[in-house]
Amino acid sequence: VAQTFAAWQRDTGLPLEIAPAAASIPDANEILVRNHAIAINPVDWILQDVAIFPWLDYPAILGSDVAGEVVAIGADVDGFRIGDRVLGQAVGATTNRPAHGAFQDFTLVLSNMAARIPASLSYVDAAVLPLGLGTAACGLFQKDHLALNYPSLSPEPTDKTILVWGGSSSVGCNAIQLAVAAGYNVITTASPHNEELLIGLGASAVFDHSSENIVDGVSQALRGNDFAGALHATGNMLHSFDVVSRCIGRRFVSTTLEPPANRAGNVETNHIFATSLKDNEVSRAVYVDFIAEALASGQFRAAPPANVVSTGLEGLQIALEVQKRGVSGTKIVVDLGNSHGD
Ligand SMILES: NC(=O)c1ccc[n+]([C@@H]2O[C@H](COP(=O)([O-])OP(=O)(O)OC[C@H]3O[C@@H](n4cnc5c(N)ncnc54)[C@H](OP(=O)(O)O)[C@@H]3O)[C@@H](O)[C@H]2O)c1
């Protein structure tokens, strides 16, 4: 490749700037992906505005979600071939390596944080998954979180119920599907217009988070259930803690943001760090052993649905601004237009 480009974050408070990036050679456990579509997450515009990760040097290449084509493979990688169509969770904001960021033409992806995608799934649709999937997987499956059974293509019912607060968010849609694939009954919250989407993903009941008696309503629905914990994806966190404090079973809320100090006292909690699965067995359980086949069989869907708002690396800044204004049951995606047959 002659010259590759990235959308650089030179410093906080500046818009992205398109400029050359170094060509990368995969380490032993990495694949090099030619990106065809990139999705946007809240942390991207947060890191554009504020240096919330003290270890992350600017200029940085931000972004977590890529879908594209494998163009080079590290020496120890056996699950991928050149030309494979893949999705990947990019970890540059954790490793402090621009080559690991998503917002560029080519991204180095850890082979345990990537999966092949079926021919029926476009790059644009595949790009909605990685960070939402990884975040939900940390919360549901890590031993320091809910420690649920792993997902499988033929789940064994557990007769246990979990609560996903904010089911129409990106993390929520993935959490619902992963928990169902692990054999759990899932109750969730969202705006009424997203109910059909979430029932389609396998939730057994959807409660309107804006209703005045939401805590009572969800608590009543959980009464008599063997409770396996909650994943708070988004919304009012105190409500999640209040509901869980009344449950029989595992009183634990796994949270995407720092838990509030004035939460209910009889509930355990832990704050997810969405790339932590790269260093434990959960990445294997989800990215390596599950998601490729689950997507191919139709058991797992790319959700929330993609909304392509712009094209090319130049389109990333607009996409950040659209995500920052807020979304409802959609994922903002940039189509890089590199695609063949997309
Ligand atoms: N700790 C980590 O490692 C990590 C990783 C990923 C994400 N996060 C954080 O997790 C959160 C979710 O991220 P995401 O990408 O999944 O978000 P997202 O897709 O942007 O979330 C959109 C959803 O938020 C819901 N929502 C918006 N305002 C709400 C309110 N006032 N009450 C209840 N729901 C509301 C909407 O639901 P309705 O339209 O149905 O009302 C909408 O569908 C963010 O705060 C993000 O920063 C943390």
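Our structure is the block above this text.
Note that the structure is predicted; figures quoted are calculated from it, not measured. (Residues numbered from 1 in each chain as written. Predicted model: local features only at pLDDT ≥ 70, side-chain atom pairs only at ≥ 80, totals over all residues. Heavy atoms only, no water.)

### A few points about the side chain of Thr161
1) Next: Position of Thr161 relative to the elements: it lies in strand S8 (residues 160-165).
2) Next: Leave out the neighbours within four places in its chain, and Thr161 touches Asn185, Ile187, Leu222, Asn225, Asp226, Phe227, Ala228 and Gly229. (Helix = DSSP H or I, 4+ residues; strand = E, 2+ residues; numbered from the N terminus. Contact = heavy atoms within 4.5 Å.)

### Some remarks on the sheet that holds strand S13 (residues 268-271)
1) Next: Here six strands make up an open sheet; going across it, the order is S10-S9-S8-S11-S12-S13 and the pairing parallel. Looking at which strands have only one partner, the edges of the open sheet turn out to be strand S10 (205-208) and S13. On average, each strand axis in the sheet is inclined to that of its neighbour by 20°, with strand direction left out of account.
2) Next: Both S8 and strand S11 (residues 226-232) contribute to a ladder of five bridges, which runs parallel. Across the sheet, residue Lys160 finds its bridge partner in S11, namely Asp226. (Pairing = 2+ DSSP bridges. Axes fitted to C-alpha atoms, helices over the stretch in contact; angles between N-to-C directions.)

### Some thoughts on helix H7 (residues 214-222)
1) Next: Among the residues making up H7, those that are buried are Ile214, Val215, Val218, Ser219 and Leu222. The buried residues of H7 occupy an angular sector of 125° when projected down its axis, which confines them to one face.
2) Next: In the core, the buried residues of H7 are packed alongside S8, strand S9 (185-190), S10, S11 and helix H8 (237-245).
3) Next: Among the residues trailing H7, Gly224 stands out with phi positive, at a value near 85°. (Buried < 20%, exposed > 50% of the residue type's maximum accessible area, 1.4 Å probe, protein only. Arc of directions from axis to C-beta.)

### Examining unusual backbone geometry
1) Next: A cis amide bond links Tyr58 with the next residue in sequence, Pro59, at an omega value of 0°.
2) Next: Considering the arrangement of structural elements, one finds Pro59 in the loop between helix H1 (42-49) and strand S4 (65-73).
3) Next: Between Ala303 and the following residue, Pro304, the backbone shows a cis peptide bond with an omega angle of 0°.
4) Next: By the element assignment, Pro304 lies in the loop between helix H10 (291-297) and strand S14 (306-311).
5) Next: Of note, Asn96 is a non-glycine position whose phi angle comes to about 60°, a positive value.
6) Next: Positionally, Asn96 belongs in the loop between helix H2 (92-95) and strand S6 (106-110).
7) Next: Phi is positive for Asp159, which is not a glycine, with a value near 65°.

### Some remarks on the site of the ligand
1) Next: Taken together, 24 residues sit near the ligand, with Ser168, Ser191, His209, Ile272 and Ser328 positioned nearest.
2) Next: Ile272 places a main-chain nitrogen or oxygen 2.8 Å from a nitrogen atom of the ligand.
3) Next: A distance of 3.1 Å separates an oxygen atom of the ligand from a polar atom in the backbone of Gly329.
4) Next: When the ligand is considered free in solution it has 930 Å² of accessible area, and contact with the protein chains removes 78% of it.
5) Next: When residues of the shell around the ligand are traced back to their parent elements, those giving at least two are helix H4 (130-141) and helix H5 (170-181).
6) Next: Looking at the shell around the ligand residue by residue, the class counts come to ten nonpolar, 14 polar and no charged. (Near = heavy atom within 4 Å. Polar contact = N/O pair within 3.5 Å; in protein donor to acceptor, adjacent residues only side chain to side chain. Areas by Shrake-Rupley, 256 points an atom, 1.4 Å probe, with all protein chains shown as cover. Nonpolar A, V, L, I, M, F, W, Y, C, P; charged D, E, K, R; others polar.)

### Details of the pattern of salt bridges
1) Next: Applying the stated criterion across every chain, the model contains ten salt bridges.
2) Next: Between Arg97 and Asp27 there is a salt bridge; the shortest N-O distance is 3.7 Å. One end of the pair, Arg97, is in the loop between H2 and S6; the other, Asp27, is in the loop between strand S2 (17-21) and strand S3 (30-39), with 70 residues separating them in the sequence.
3) Next: For Arg97, a relative accessible area of 34% corresponds to the partly exposed category.
4) Next: Accessibility expressed as a relative area gives 39% for Asp27, which makes it partly exposed.
5) Next: The shortest N-O distance in the salt bridge between Arg246 and Asp216 comes to 3.0 Å. In this pair, Arg246 is assigned in the loop between H8 and strand S12 (252-255) and Asp216 in helix H7, connecting sequence segments 30 residues apart.
6) Next: Accessibility expressed as a relative area gives 46% for Arg246, which makes it partly exposed.
7) Next: Connected through shared salt-bridge partners, Asp27, Glu30 and Arg97 make up one network. (Salt bridge = Lys/Arg side-chain N within 4 Å of Asp/Glu carboxyl O.)

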